[in-house]
Amino acid sequence: MYCKQCHKKIEKNVINCPYCGFNNSNDIEIGATRELDLRLINGYKEPPNKHKSNPKIVTAVAIVLIIGILVVAYFVNGTKSDDNNNYTSTTTKEIVNTKEFKIDNLTFYYPLEFDVDNNKLYYIQNSQINITFNKINDTEYYDIMNNNEVLDTTLNEIEAKTYANDNNYGYLLDISNNKYHIVINYTDDIEETVQASINKILKSLIIK
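Undergrad: Pulling in residues and values, what's your account of the overall build of the chain?
TA: A tally of regular secondary structure across the chain gives three helices and 10 strands. The order of helices and strands in the chain, counted from the N terminus, is α-β-β-β-β-β-α-β-β-β-β-α-β. Accessible surface for the chain amounts to roughly 15800 Å². Of this, 51% is attributable to carbon and sulfur atoms.

Now the structure itself:
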């Protein structure tokens, strides 16, 4: 080896240079050193690989996700079921609280606050508010057409004619060569809820 101070060659194990007296104790050749294996000291264990997957953890996460999906699906289906139950209940209630009125093969449904007198549906609290249903002949049909300003319309998607006068308005129906005249009579103080019921009666028309 060589002295760090004077750079003269000296014996390998000599610490102090015999030429200049420099302490070469820090001069350790790499080839003479030995790397310490930390795994052999104090039972050292290699830290676990953070990127290595643990099968137990993966399984637990999968189970939690499946349970979460099942819970969400349960509540969603429960909500839909409640909505369907509400719909069914409401529909059933409406059917129970209505009655049927027929003229030939024309059928209307009316609420309990109305009643029937022959060909007339009338509002129980005020009979001046009513709906009359009449089957008419061709002459009567065209007389009404000619004496009123008639417009095309529909009743529950069934083609009809309509007109309006003071305190009444009417509909003309021509179904399978049978003609019908429907007249709605009302008062000036008719309530909106009653008018809404009349509209619902007219729109309930079906052909059986």
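Undergrad: Give me the lowdown on the nonpolar core, citing residues and values where you can.
TA: Counting 26 residues, the largest nonpolar core has Ile131, Leu173, Ile182, Ile198 and Leu202 as its most contacted members. Looking at this core, the elements that each hand over two or more residues are strand 1 (98-103), strand 2 (106-111), strand 4 (120-123), strand 5 (126-136), strand 7 (158-165), strand 8 (168-175), strand 9 (178-185) and helix 3 (192-203). Not counting residues within four places of it along the chain, the set of residues in contact with Ile131 comprises Asn119, Lys120, Leu121, Ile182, Val183, Ile184, Ile198, Ile201 and Leu202. Ile136, Tyr163, Leu172 and Val183 belong to the second-largest nonpolar core, a separate cluster that totals six residues.

Undergrad: Tell me about the sheet that holds strand 2, and name the residues and values.
TA: Taken in spatial order, the three strands line up as 1-2-10 in an open sheet, and their pairing is antiparallel. Every other strand in the sheet has two partners, leaving strand 1 and strand 10 (206-207) as the edge strands with one partner each. Bridge analysis of strand 2 against strand 10 gives two bridges, and the strand direction is antiparallel. Within strand 10, the residue paired with Thr107 across the bridge is Ile206.

Undergrad: Would you mind going over the packing of aromatic side chains in detail, with residue names and values included?
TA: Per the counting criterion, the structure on display carries six aromatic pairs. Taken together, a centroid distance of 5.5 Å and an interplanar angle of 50 degrees make the contact between Phe114 and Tyr123 tilted. Tyr123 shares its class with Phe114; the two are buried. In this structure an aromatic cluster arises from ring pairing among Phe101, Phe108 and Phe133. We note Lys179 situated over the ring of Tyr141; from NZ or CZ to the ring centre the distance is 5.4 Å.

Undergrad: Just give me the short version of the pattern of salt bridges, but keep the residues and values in it.
TA: In this structure the tally under the stated criterion is five salt bridges. Measuring nitrogen to oxygen at the nearest pair gives 3.1 Å for the salt bridge that ties Lys208 to Glu100. With Lys208 in the segment after strand 10 and Glu100 in strand 1, this residue pair connects regions lying 108 residues apart in the sequence. As a salt-bridge pair, Asp138 and Lys179 come within 3.0 Å of each other at their nearest N and O atoms. A residue pair is termed long-range when its members are at least 10 positions apart, and Asp138 in helix 2 (residues 138-147) and Lys179 in strand 9 qualify at 41 residues. Exposure remark for Asp138: the relative accessible area of 44% places this residue in the partly exposed category. Residue classification places Lys179 among the buried positions, given a relative accessible area of 7%. What emerges from the salt-bridge pattern is a single network uniting Asp138, Asp174 and Lys179.

Undergrad: I'd like to hear about a negative patch on the surface, residue by residue, with values.
TA: Judged by side-chain charge, Asp166, Asp188, Asp189 and Glu191 come together as a negatively charged surface patch. In this fold, Glu191 is placed in the loop between strand 9 and helix 3.

Undergrad: I'd love a proper account of the environment of Tyr142, names of residues and values included.
TA: Checked against the element boundaries, Tyr142 lands in helix 2. Since its relative accessible area comes to 45%, Tyr142 is described here as partly exposed. For the pair Tyr142 and Leu172, spaced 30 residues apart in sequence, the C-alpha to C-alpha distance is 9.8 Å.

The rules behind these values
Residues numbered from 1 in each chain as written. Predicted model: local features only at pLDDT ≥ 70, side-chain atom pairs only at ≥ 80, totals over all residues. Heavy atoms only, no water. Helix = DSSP H or I, 4+ residues; strand = E, 2+ residues; numbered from the N terminus. Areas by Shrake-Rupley, 256 points an atom, 1.4 Å probe, with all protein chains shown as cover. Core = buried A, V, L, I, M, F, W, Y, C linked by side-chain atoms within 4.5 Å. Buried < 20%, exposed > 50% of the residue type's maximum accessible area, 1.4 Å probe, protein only. Contact = heavy atoms within 4.5 Å. Pairing = 2+ DSSP bridges. Phe/Tyr/Trp six-rings, centres within 6.5 Å; stacked < 30°, edge-to-face > 60°. Lys NZ or Arg CZ within 6 Å of the ring centre and 35° of its normal. Salt bridge = Lys/Arg side-chain N within 4 Å of Asp/Glu carboxyl O. Patch = residues over 30% accessible without salt bridge, like charges linked within 9 Å, V, L, I, M, F, W, Y side chains within 5 Å. Lys, Arg positive; Asp, Glu negative; His and termini not counted. Charge placed at Lys NZ, Arg CZ, Asp CG, Glu CD.

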